[in-house]
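# Observations on the model geometry
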Amino acid sequence: MKTTESNSSATAEAMGAKISIKGPPRAMYLVVGNDKTDVLVAQAGGQITLRFTADKVLAVLTYEGYLSLNRDSRIFRIGPVNLDMERLKRFSRSFSQTVAPTSGTTNVH
Amino acid sequence: MAGVGQELLAVPLPEMVMKLGLGVAEAQRALDENSVETASMLAETTVPLVLAVTQTIAADGTVSFENADPVDVSLLQVGLMPTFYQFSEATIEVTMDIKTTSSRETNVKVGAKAKVGFGCWSASVSVDVSHNRKFGKTVHGTSRLVTKMVPVPPPSRIAPELLVVDNRPPKEAPDNA
């Protein structure tokens, strides 16, 4: 965990308060922005793991990167996501059975 | 003069606790809203996935691969879930430093008068003492609010359950005859 100093709140500034946030070192986020989302992610020090459209990507970001993108008006939405491996396995198993080739062949996992 | 205990009682602790509670509730609602909106976007975003690959080994030993038709699936279906956070702990620390001072000021005025005449004299001395006591009080206070959030599993009904209805005819048993 890394501590990030933030003083963006108007209330905090009015009261002279310090706000420290400890976040996870790196995490995966769904980022929806404009057609330069990948550039914005790169500027925030993030790595794009999957690009769905020009404005929607899956990116790995540090917590500081997430905070900076969260404040960026060009980013429409950013939210933390995680991969549920158990669900992915169930889905793959179920679908591979559904679309499995016809008899006479063997499924190899 | 108010005592230290009275000073501590004067700290608006109930108000602080109430505001912290309301702040946590408001923040929790915002976090949940963000996670639900993220879930909505994950459900709306589809990707074409090839879910089966057929490897065919021909009689002459050559190997070929054939992909099944890609299927559009949502990110939520494949297990990409929004991360939900929950406030697990909230702490208020109030530190007060109270310093009281008292000082005593004493003023003394001394006056003397003397008269001398023919064969007689007179003298008088007057002393005027006044005491003045002053009290001073300095109060320094700091407060610290700490909240802790932990990731929690998403609500069980956030993602649709996948039901498979397979209407293919059952495979025939191999003929051993």
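None of these values were measured; they are calculated from a predicted model. Throughout this document, residue positions are counted from 1 along each chain, in the order its sequence is written. Chains carry letters and ligands carry numbers; both start at the beginning, A for chains and 1 for ligands, and go up in the order they are written. Only residues with pLDDT of 70 or above have their local features reported here, since the model is predicted, and side-chain atom pairs are shown and tallied only from 80 upward, although totals for entire chains, interfaces and linings are computed over all residues. As a rule here, side-chain values cover all heavy atoms of the structure and leave hydrogens and water aside.

### A few points about the overall build of chain B
- The helix and strand tally for chain B stands at 2 helices and 7 strands.
- A helix here means a DSSP run of H or I that spans at least four residues, while a strand means a run of E at least two residues long, and both kinds are numbered starting from the N terminus. Moving toward the C terminus, one meets the helices and strands of chain B in the order α-α-β-β-β-β-β-β-β.
- Buried residues are those whose accessible area, probed at 1.4 Å on protein chains only, stays under 20% of the maximum for their type, while exposed residues exceed 50% and partly exposed ones sit between those limits. Counting across all 177 residues of chain B, residues that qualify as buried make up 16%.
- Put simply, of all contacts in chain B between residues at least 6 apart along the chain, 73% involve residues at least 24 apart.
- Only the protein chains shown count as cover for residues, and the accessible areas themselves come from Shrake-Rupley with a 1.4 Å probe. A total accessible area of about 13600 Å² is found for chain B, and carbon and sulfur atoms account for 56% of it. Throughout, a contact is declared for two residues whenever any of their heavy atoms are within 4.5 Å.

### Topic: the packing of aromatic side chains
Residue and element names in this part refer to chain A.
- Pairing of aromatic rings covers Phe, Tyr and the six-membered ring of Trp, with a centre-to-centre limit of 6.5 Å; geometry is then stacked below 30 degrees between planes, edge-to-face above 60, and tilted otherwise. Within this structure, the stated rule accounts for 2 aromatic pairs over all chains.
- Between Y29 and Y66, the aromatic rings sit 4.7 Å apart at their centres with planes inclined by 10°, giving stacked as the arrangement. Taken as a pair, Y29 in strand 3 (residues 26–32) and Y66 in helix 3 (residues 63–71) lie far apart in primary sequence, 37 residues in all. Of the two residues, Y29 and Y66, both sit in the buried class.
- Ring geometry for Y63 versus Y66: centroids 5.8 Å apart, planes at 40°, classification tilted.

### A word on a nonpolar patch on the surface
All names here are of chain B.
- Patch rule: a residue counts if its relative accessible area is over 30% and it has no salt bridge; like charges are joined within 9 Å, and nonpolar side chains (Val, Leu, Ile, Met, Phe, Trp, Tyr) within 5 Å. Only one rule defines a salt bridge in this text: a Lys or Arg side-chain nitrogen within 4 Å of an Asp or Glu carboxyl oxygen. On the surface, a cluster of nonpolar side chains totalling about 490 Å² of accessible area is made up of V50, V53, I57, V63 and F65.
- When residues of the nonpolar patch are traced back to their parent elements, those giving at least two are strand 2 (53–57) and strand 3 (63–67).
- Tracing the backbone shows V63 in strand 3.

### Focus: the pattern of salt bridges
- Enumeration over the complete set of coordinates arrives at 7 salt bridges over all chains.
- Between E37 of chain B and R77 of chain A there is a salt bridge, with the nearest N and O atoms lying 2.2 Å from each other. With one member in each of two chains, E37 of chain B in helix 2 (residues 13–44) and R77 of chain A in strand 6 (residues 77–83) form a pair that bridges those chains.

### Focus on the interface of chain B and chain A
- The interface is formed by 30 residues belonging to chain B together with 28 residues belonging to chain A.
- The tally of links between chain B and chain A comes to 1 salt bridge.
- Side-chain atoms alone can form a polar contact between residues adjacent in sequence; in general such a contact is a pair of N or O atoms within 3.5 Å, and within protein one must be able to donate a hydrogen while the other accepts it. Our count for the contact surface shared by chain B and chain A stands at 7 residue pairs in polar contact (both at pLDDT 80 or more).
- Secondary structure elements with two or more residues in the side of chain B that touches chain A: helix 2, strand 1 (46–49), strand 4 (71–74) and strand 5 (80–82) of chain B.
- At 5 residues, the largest contribution of residues to the side of chain B that touches chain A is made by helix 2 of chain B.
- Amino acids outside the nonpolar list (Ala, Val, Leu, Ile, Met, Phe, Trp, Tyr, Cys, Pro) and the charged list (Asp, Glu, Lys, Arg) are all regarded as polar, and Gly is one of them. Its residues assigned to classes, the side of chain B that touches chain A comprises 19 nonpolar, 7 polar and 4 charged.
- Pairing of strand 6 of chain A with strand 5 of chain B, which is carried by 3 bridges, proceeds in the antiparallel orientation. In the strand pairing of strand 5 of chain B, N82 of chain A is matched with M81 of chain B. Pairing between two strands is assigned when DSSP locates at least 2 bridges connecting them.

### Topic: the pairing of strand 4 (residues 47–51) of chain A
All names here are of chain A.
- In this structure, strand 4 lies alongside strand 5 (residues 56–62), joined through 4 bridges in antiparallel fashion. Of the residues in strand 5, the one forming a bridge with L50 is L58.
- Between strand 4 and strand 5, which pair antiparallel and follow one another directly, the connecting turn spans 4 residues.

### Thoughts on the sheet that holds strand 3 of chain A
- Spatially, the 5 strands line up as an open sheet ordered 4(A)-5(A)-3(A)-6(A)-5(B), and their pairing is antiparallel. Looking at the sheet topology across the chains shown, the edges are occupied by strand 4 of chain A together with strand 5 of chain B. On average, each strand axis in the sheet is tilted by 40° relative to the strand beside it, whichever way the strands run.
- Here 5 bridges tie strand 3 of chain A to strand 6 of chain A, and the two strands are oriented antiparallel to one another. Looking at the pairing, Y29 of chain A lines up with P80 of chain A of strand 6 of chain A.
- Only the stretch in contact is used when a helix axis is fitted, and all axes are lines through C-alpha atoms; the angle between N-to-C directions ranges over 0 to 180 degrees. Against the sheet, helix 3 of chain A engages strand 3, strand 5 and strand 6 of chain A, with an angle of about 130° to strand 5 of chain A.

### Details of the environment of P151 of chain B
All names here are of chain B.
- Mapped onto the secondary structure, P151 falls in strand 7 (residues 121–152).
- On the basis of relative accessibility, which here comes to 55%, the residue P151 falls in the exposed class.
- For P151 and F87, which are 64 residues apart along the polypeptide, the C-alpha to C-alpha distance reads 8.9 Å.
- When near neighbours in sequence (up to four residues on either side) are disregarded, P151 contacts T83, F84 and Y85.

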